[in-house]
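Working through the structure, step by step
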Amino acid sequence: MTEQAATDGLAKQLRAARRWAGITQEQLAGLSTVSVRAIRDLEQGRVRHPRRETLRLLADAMRLGDARRAALELAVEGAPADTVMREAFGTELAPSPEPLRRMVGRTEELRALTGLLATEHERLLTVVGVAGVGKTRLAQEAALLLHTRDRMPVLWVDMSTAAPTSGTVRSPRAALTGWARSVAAGGPGLDELASVVRDRAALLVLDGHDAVPRPVPQLLELLHGCERLKVLITAREPHRTPGNRLLPLGPLPLPAPEPSAGAAAPLPGASLAAGEPAVELMLSYVGHMRPDLLPTDSVVRTVARVCQALDGVPRAMESAASWLLLHSLEELLRIARSNPLELVDDTTLSDVNGEGLKALLAAAVDRLDDTQATLLGGLGALADGWTAEQASAALAVPATTMAREVHALVLRGLVRRLPAAGEGASRFGVLNLVRGLAADRAGAAPHRSGALVH
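In this text the structure is predicted, and so the values were computed from the model without any measurement.

Now for the packing of helix α2 (residues 25-32) against helix α4 (residues 52-62). Their axes nearest at 9 Å, the elements α2 and α4 cross at an angle of 105°. Taken together, the axes of α2 and α4 are roughly perpendicular relative to one another. Together, L28, L31 and S32 of α2 and L57, L58, A61 and M62 of α4 make up the contact between the two elements.

Written out as structure tokens, the structure is:
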């Protein structure tokens, strides 16, 4: 690129930014303390080596975000902004976030998710589930697989964090993330992002996209304009965007309930630990907190019972394990069975807004409408293993209404589908973690018994 071409590129970027800001040269001069003549010379390509401080003042005055600041800064360096942006979105410079821990379980869920992402026609997918169930970790594993196997660029946007304030541009990649965040929230940046992605195969991940539950036209326009782009969303609530494929993510599989009195006893410890992801994960947490607790049959059995009380929700189990610094394993089990929410808030696991799992679960129950909340409270009073038909009869709710509402509650992750013992009707249970919250919201005391409530 010649020096004059670089100067012309800067002039073009500055004119476009000022027009985007909707101000005249005179207004910009008044806001920035840069003279009208200097602004005119810059926009007409007469300044070969502008000072960065001058452009910073102009960018501040126009309140430019990261994306347009990046374009200006790249133009100053003599690099075509669109070229640099596309290179920043190349395979080597746009990897998926590297997971900090190995993923336990989720083999089938990962296969289903990556299988859909590999197809030509599934381009908008949402992994939906209750807080703490592992949506982000599954998305990380899927993105890593596509990046390493298919050499696919990945643009990961953490939607749970606030957009950075305008300031010094950190990198072209930060600008790309800013565009994607803005588009996902219904703001500007569609044309800029589409011009970078264009016709290349790429994955955009919107992690924690709960702030905008309504359909976002810009997101669909981006998919229409970039025919090989795929968008993966993680959210606690189902997204109602047209063409969106929902993938509900439930808690980790739990060990089978212990046999009743008189039944043949299993081999000590074996049936509780072997091949059970929830127990395996919880044992790793216990081992980190209390290395002195060796995985004996007794310890494994107690850990399995803790997993059952905490529904196999990974974040709940990790938080509970941290309390082993204070409680014995037997005390942990007692608390988990009587009031599991006492164990789920570990300050080291709070989200970026400082919310613990208890607050997030309470918010999920609070977002239910009155009908759903009352129904969830009633379902929580039933013994685990009820069918939709049994729940309909027990709560005197029409069968079609019960089926529709249970379906919605399963999608939200507040009700889990239990492993089937045969070919009979599907059986369900309300999460222990939300049972008390649901009873409070419904205005009823939590109650569990060995029979259906009539």
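Residues L113, L203, L232, M282, M317, L379 and W386 are the most contacted members of the largest nonpolar core, which totals 80 residues. In terms of residue count, helix α14 (residues 297-309) provides more of this core than any other element does, seven residues in total. One finds A180, A184, L204 and A235 within the second-largest nonpolar core, a separate group that totals 25 residues.

With respect to the element layout, T234 can be found in strand β4 (residues 229-235). Judged by relative accessible area, which is 1%, T234 ranks as buried. One polar contact links the side chain of T234 to the main-chain amide nitrogen of G208, over a distance of 2.7 Å. Sequence-distant contacts of T234, defined by excluding residues within four places in its chain, comprise V127, K135, T136, A139, L206, D207, G208 and H209.

Time to look at helix α15 (residues 314-322). With nine of nine residues buried, α15 lies mostly within the body of the structure. All buried positions along α15 are accounted for by P314, R315, A316, M317, E318, S319, A320, A321 and S322. If you follow the buried residues of α15, they end up packed against α13 (277-289), α14, α16 (329-338), α17 (357-366) and α21 (432-442).

The next thing to look at is the packing of aromatic side chains. Scanning the model with the defined rule gives one aromatic pair in all. Ring plane angle 35° and centroid distance 5.6 Å describe the contact between W386 and F428, whose orientation is recorded as tilted. Of this pair, W386 sits in the loop between α18 (370-380) and α19 (388-395) while F428 sits in strand β7 (residues 427-430), and the two are 42 residues apart along the sequence. Note on W386: relative accessible area 0%, which makes it buried.

The rules behind each value
- Residues numbered from 1 in each chain as written.
- Predicted model: local features only at pLDDT ≥ 70, side-chain atom pairs only at ≥ 80, totals over all residues.
- Heavy atoms only, no water.
- Axes fitted to C-alpha atoms, helices over the stretch in contact; angles between N-to-C directions.
- Helix = DSSP H or I, 4+ residues; strand = E, 2+ residues; numbered from the N terminus.
- Parallel < 35°, antiparallel > 145°, perpendicular 65-115°, else oblique.
- Contact = heavy atoms within 4.5 Å.
- Core = buried A, V, L, I, M, F, W, Y, C linked by side-chain atoms within 4.5 Å.
- Buried < 20%, exposed > 50% of the residue type's maximum accessible area, 1.4 Å probe, protein only.
- Polar contact = N/O pair within 3.5 Å; in protein donor to acceptor, adjacent residues only side chain to side chain.
- Phe/Tyr/Trp six-rings, centres within 6.5 Å; stacked < 30°, edge-to-face > 60°.

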